[in-house]
Amino acid sequence: MQTRHVLIAAACALVLLGVTWQRCGIMGCPKVARLTAYQPDGATLLLDRNGKRFADLAPVRYQVVALNKLPKHVPQAFLAVEDKRFYDHNGVDWKRVLGAVLANVKARGFAQGSSTITMQLARNLFPKQLPGQERSVRRKLLEVRVARAIERKFEKDEILELYLNHIYFGNGAYGIEAAAQQYYKKPAKDLLLSQAAMLAALPKAPAHYDPRRRATRAKERRNLVLALMLAQDRITAKEAAGARGAALRVSSKPRRGSNDDGFAPYYVDVIRRMMEDRFGDAVYERRLKVFTTLDTRAQGAAEEEVSRQLRTLEAGALGRLNGPKYASAGSSDEDGTRYVQGAAVVVDVRTGDVRALVGGRDFLDSPFNRVTQSQRQIGSAFKPFVYASALNEGFFPSQHIPDLPIRREMSRTVVWEPRNYDGEFYGQVSMRQALIESRNVPTINIADAVGLDDVKATALKAGIKGELSTHPSMSLGTVATSPIDLALAYTVFPGLGRRPEEARFVVRVEDEDGDVLWSTEPKITGDAMDPRVAYVITHMLRDAVNHGTGTGVRSAGYYAAAAGKTGTTNDGTDAWFVGYTPELVGAVWIGFDQRRAITGNASGGRLAAPVWGRIMRRYYADNRDPGDFEVPNGVVHRNVDPETGLILESGCWPRYEEPASEIFIEGTEPETVCPSDGGVLGWITGALRGLGRTVENQTHVLEDVFKRAESVHPQARELLEKFIERTMREGVVSSEELRHEAEDWLHDFERQLRYEKERALRKRRGR
């Protein structure tokens with residue numbers, strides 16, 4: 001009786017297995033007769049931070065190329081590495097299956113595959129029925145079933161032709177024709193042996209062997225293909241040697257996807273690579289939804305303003321100095337483009353979310369992403385970390401620093417004599433003045449006093465990446481890093497010591513049914529800098545924007561709360577501006593891929609700061625005002641004597657100048673002084689000094705504010721002058737306080753002006 005039950009169960013199992021085999025499981029067998037009409041399914045969608053579609057990951061469309069139109073070595077390369085007995089089996093290479101089983105048993109895991117070209121074709125063209133990521137006996141049996149059906153329907157050459165025209169080669173390219181255009185800018189019929197071997201190396205793992213990103217791996221895999229071709233007598237030893245000696249020389253210019261409208265191409269490329277690395281071919285086999293961090297308005301502003309600045313450069317001195325403009329043919333080469341480039345990135349202070357990214361001027365001409373992949377010296381944009389290190393050691397913003405010539409013999413033949421940008425020496429300057437004017441010599445002296453090891457430690461903790469040599473020139477920004485890493489490091493200032501550990505591009509990924517396949521959370525470092533130090537640096541960098549090297553921000557029309565630092569490398573080869581509001585940090589870089597001077601007077605203040613200012617002006621025109629920077633506990637305001645930088649005792653006055661308002665980290669305030677008696681005579685002298693001031697003798701302090709007022713409204717300057725006169729009549733006001741009062745007035749005036757314009761617009765629309 002028991003034997004009978006066993007026999008019945010076995011019979012049922014055989015019947016079920018037979019039905020499953022015949023039907024390819026529950027979902028049914030793919031209709032292999034339709035293979036020749038196959039097209040990739042709907043593309044993965046990219047959605048911005050508001051859930052609106054801005055792009056997709058449509059694969060590069062391809063043209064079918066006949067097998068007899070290809071050079072003989074093209075199919076031979078694929079046969080050698082993928083299926084050497086292709087013409088001898090009926091869809092399944094049982095010798096290879098047995099070898100793979102033994103290898104996997106020996107390795108106690110999956111060490112070797114056994115898929116033939118026909119089985120790969122089945123898996124790639126019918127991903128729903130035969131999911132490639134599923135490694136199971138069930139899937140393998142169904143794969144065999146479909147492969148056998150293909151073999152019965154098509155001739156061997158037809159199968160090989162289908163395989164070559166549909167297999168995935170990475171970077172969105174399906175088929176040999178698309179791959180040839182993608183990597184070599186040529187039709188498949190013109191592929192050389194070395195190129196055919198490189199393409200044959202890709203289907204196993206396109207992202208892993210991507211010749212643009214992983215050249216060493218790619219070359220090793222290509223040479224393996226050539227060795228197999230030689231061992232299988234598909235090529236001669238001479239041909240193999242010649243192909244092995246050939247450089248990869250893949251094109252730096254990928255083809256654009258058919259649905260690519262050109263918006264945010266560098267950002268899309270970052271997402272494409274991330275998705276390919278995580279999901280493989282499923283990115284192109286399924287209609288996934290990728291919720292990204294992109295802000296389309298910020299992205300549009302960044303793209304347009306970078307392009308605008310570069311066109312302006314070429315139309316001016318740059319065009320006269322460097323000959324043909326960017327639009328001329330043949331403008332790129334293997335070492336980068338020959339025309340001037342630019343890059344910009346905007347990240348969220350709190351999360352590291354990338355709101356906008358411009359990796360270069362023309363993705364089709366040069367897909368090299370200068371935001372994420374380039375490493376350029378940052379120049380004076382490094383200086384805030386030097387000053388932060390000094391504040392950590394008890395220095396204070398009004399402290400006087402020597403600004404005198406330096407001469408150091410670094411060796412018997414090398415003498416280092418650093419200069420300030422303007423070639424002048426002031427004798428001594430305050431720390432604040434040194435930073436906002438980006439003076440080199442005082443910065444070197446500060447770094448020496450603090451110690452280069454401490455400066456290095458402060459920069460690394462803040463997130464600066466790159467090789468930080470403790471050579472004295474390190475304080476001037478000889479470290480090379482990428483724009484995105486520099487922007488993330490600057491978040492430590494508005495973040496009051498908190499910073500994102502990495503940039504975030506993807507919030508989550510959903511499948512066709514809305515199920516979440518992958519989600520991310522911001523990774524935050526909470527103690528990268530003392531909050532008080534971070535705020536004092538911000539307070540000084542606000543002055544850099546308002547009346548220092550970064551005034552290009554204000555001249556570009558952005559007047560809300562902002563702080564930032566310019567950067568210019570030796571001989572004007574790199575122009576930087578890294579700026580921030582209370583919620584966003586942006587980095588702008590301009591230069592040539594092959595390092596050379598941009599123009600004769602290139603600087604971050606002239607070239608990069610205005611771009612940042614225009615991006616932020618446009619962004620905040622559509623978004624709420626960011627407000628002011630948060631002030632942490634432990635920061636105090638005091639009046640100081642400009643002559644000494646020390647705190648004035650109550651009732652005392654400087655001997656020659658007005659009191660200056662300064663901030664200090666509580667507990668690090670300097671000693672107090674009383675240069676002038678605070679009695680009745682001192683009070684009268686100070687009062688007269690205050691009453692005697694006029695708008696005219698404050699011009700040097702308020703010049704930039706007046707210029708901004710003139711650009712805002714024809715009557716703004718006149719109204720501002722009257723406001724200043726009233727302010728001075730009301731009491732003694734320092735130059736610093738007067739400037740802040742004027743800026744506040746202008747800010748309120750602009751806000752009221754915007755309100756009136758919006759109200760008038762609404763009124764017109766209402767009609």
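Before reading further, recall that the structure is shown in the block above.
Thresholds applied
- Per chain, residue numbering runs from 1 following the sequence as it is written.
- Given that the model is predicted, a residue must reach a pLDDT of at least 70 before its local features are reported, and side-chain atom pairs must reach 80 or more before they are shown or counted; all residues, however, enter totals for whole chains, interfaces and linings.
- By convention in this description, side-chain values take in all heavy atoms of the structure and omit both hydrogens and water.
- A run of H or I in DSSP counts as a helix once it spans at least four residues, and a run of E counts as a strand once it spans at least two, with each numbered from the N terminus.
- Working definition: with a 1.4 Å probe on protein chains only, accessible area under 20% of the residue-type maximum means buried, over 50% means exposed, and in between means partly exposed.
- In what follows, residue pairs with any heavy atoms lying within 4.5 Å of each other are defined as contacts.
- Computed by Shrake-Rupley with a 1.4 Å probe, the accessible areas treat only the displayed protein chains as cover when residues are assessed.
- Basic side-chain nitrogens of Lys or Arg form a salt bridge, by our definition, when they fall within 4 Å of a carboxyl oxygen of Asp or Glu.
- Convention adopted: a line fitted to C-alpha atoms gives each axis, helices being fitted over their contacting stretch, and angles between N-to-C directions are expressed from 0 to 180 degrees.
- Angular relationships are summarised with four words: roughly parallel below 35 degrees, roughly antiparallel beyond 145, roughly perpendicular across 65 to 115, and oblique for the angles in between.
- Take the far helix as your reference; a near helix turned counterclockwise from it by less than a right angle gives a left-handed crossing, and one turned clockwise gives a right-handed crossing.
- The rule for pairing is simple: two strands pair if DSSP sees at least two bridges between them.
- Side-chain rings of Phe, Tyr and Trp (the six-membered ring for Trp) are treated as a pair once their centres are within 6.5 Å; stacked means planes under 30 degrees apart, edge-to-face means over 60, and tilted covers the remaining angles.
- Each nonpolar core is a collection of buried residues, namely Ala, Val, Leu, Ile, Met, Phe, Trp, Tyr and Cys, held together in the definition by side-chain atoms within 4.5 Å.

Student: Explain the overall build of the protein chain to me, please; I cannot follow it from the model alone.
Tutor: When you go through the protein chain residue by residue, the secondary structure sums to 27 helices and 24 strands. In the protein chain, which comprises 767 residues, the share counted as buried stands at 54%. For the protein chain, long-range pairs separated by at least 24 residues make up 70% of all intrachain contacts whose partners lie at least 6 apart in sequence. Accessible surface, the protein chain: about 35,300 Å² in total, of which carbon and sulfur atoms supply 50%.

Student: Just checking my understanding: could you explain the pattern of salt bridges for this structure?
Tutor: Where charged atoms from two side chains of opposite charge approach closely, those side chains can pair. A full pass over the atoms with the stated rule returns 34 salt bridges. Measuring nitrogen to oxygen at the nearest pair gives 3.3 Å for the salt bridge that ties Glu305 to Arg308. In this pair, Glu305 and Arg308 both sit in helix H13 (residues 296-315), 3 residues apart, roughly one turn of the helix. A relative accessible area of 3% means that Glu305 is categorised as buried. Notably, a salt bridge pairs Glu417 with Arg407, separated by 3.5 Å at the nearest N-O pair. Taken together, the residues span a long stretch of sequence, with Glu417 in the loop between strand E11 (415-416) and strand E12 (427-430) and Arg407 in the loop between strand E9 (400-403) and strand E10 (408-409) at a distance of 10 residues. Taking relative accessible area as the criterion, Glu417 reaches 37% and is therefore assigned partly exposed.

Student: What is the right way to look at the packing of helix H7 (residues 176-184) against helix H8 (residues 193-200) in this model?
Tutor: Two quantities define a packed helix pair, namely the angle between the helix axes and the distance between the axes. As a packed pair, H7 and H8 sit with axes 11 Å apart at the nearest point and diverge in direction by 110°. By the angle between their axes, H7 is roughly perpendicular relative to H8. Note on packing geometry: the crossing formed by H7 with H8 is right-handed. Contact residues: Ile176, Ala179, Ala180, Tyr183 and Tyr184 in H7; Gln195, Met198 and Leu199 in H8.

Student: Explanation requested: the sheet that holds strand E16 (residues 516-519) in the structure shown.
Tutor: Within a sheet, adjacent strands bond to each other through the backbone by hydrogen bonds, running parallel or antiparallel. A sheet is described by the order of its strands in space; here 5 strands give the open sequence E2-E1-E3-E15-E16, paired in mixed fashion. Every interior strand has two partners, whereas the edge strands, strand E2 (53-56) and E16, have only one. For this sheet, the mean angle separating the axes of adjacent strands, direction not counted, is 20°. Sheet topology places strand E1 (residues 45-47) next to strand E3 (residues 289-292); 3 bridges connect them, and they run parallel. Among the inter-strand pairings, Leu47 is bridged to a residue of E3, identified as Phe291.

Student: So what exactly am I meant to see when it comes to the environment of Ala457 here?
Tutor: For Ala457, the position within the fold is in helix H18 (residues 452-462). The spatial distance from the C-alpha of Ala457 to the C-alpha of Leu468 is 9.6 Å, given a sequence separation of 11 residues.

Student: Teacher, can you tell me more about the packing of aromatic side chains here?
Tutor: For any pair of aromatic rings, the description consists of the separation of the ring centres together with the inter-plane angle of the planes. Applying the stated criterion to the full structure yields 21 aromatic pairs. Ring centres of Phe385 and Tyr490 lie 5.7 Å apart, and the angle between their planes is 90°; on these two criteria the pair is classed as edge-to-face. Of this pair, Phe385 sits in helix H15 (residues 383-392) while Tyr490 sits in helix H19 (residues 483-490), placing them 105 residues apart in sequence. On the basis of relative accessibility, which here comes to 0%, the residue Phe385 falls in the buried class. Owing to a relative accessible area of 0%, Tyr490 belongs among the buried residues under this scheme. An aromatic cluster of at least three residues, connected via ring pairs, comprises Phe382, Phe385, Tyr490, Phe493, Tyr580 and Phe629.

Student: Help me understand the nonpolar core in this model?
Tutor: Considering soluble globular proteins, one finds that nonpolar side chains tend to be buried as a cluster. Counting 90 residues, the largest nonpolar core has Phe382, Phe385 and Tyr490 as the members making the most contacts within it. Here this core gets 8 residues from one element, more than from any other, and that element is helix H20 (residues 531-547). If we skip the residues at most four places from it in the chain, Phe382 touches Val455, Ala459, Leu468, Met474, Ser475, Gly477 and Val479. Among the nonpolar cores identified, the runner-up in size contains 50 residues, and Ala77, Phe154, Tyr184 and Val225 belong to it.

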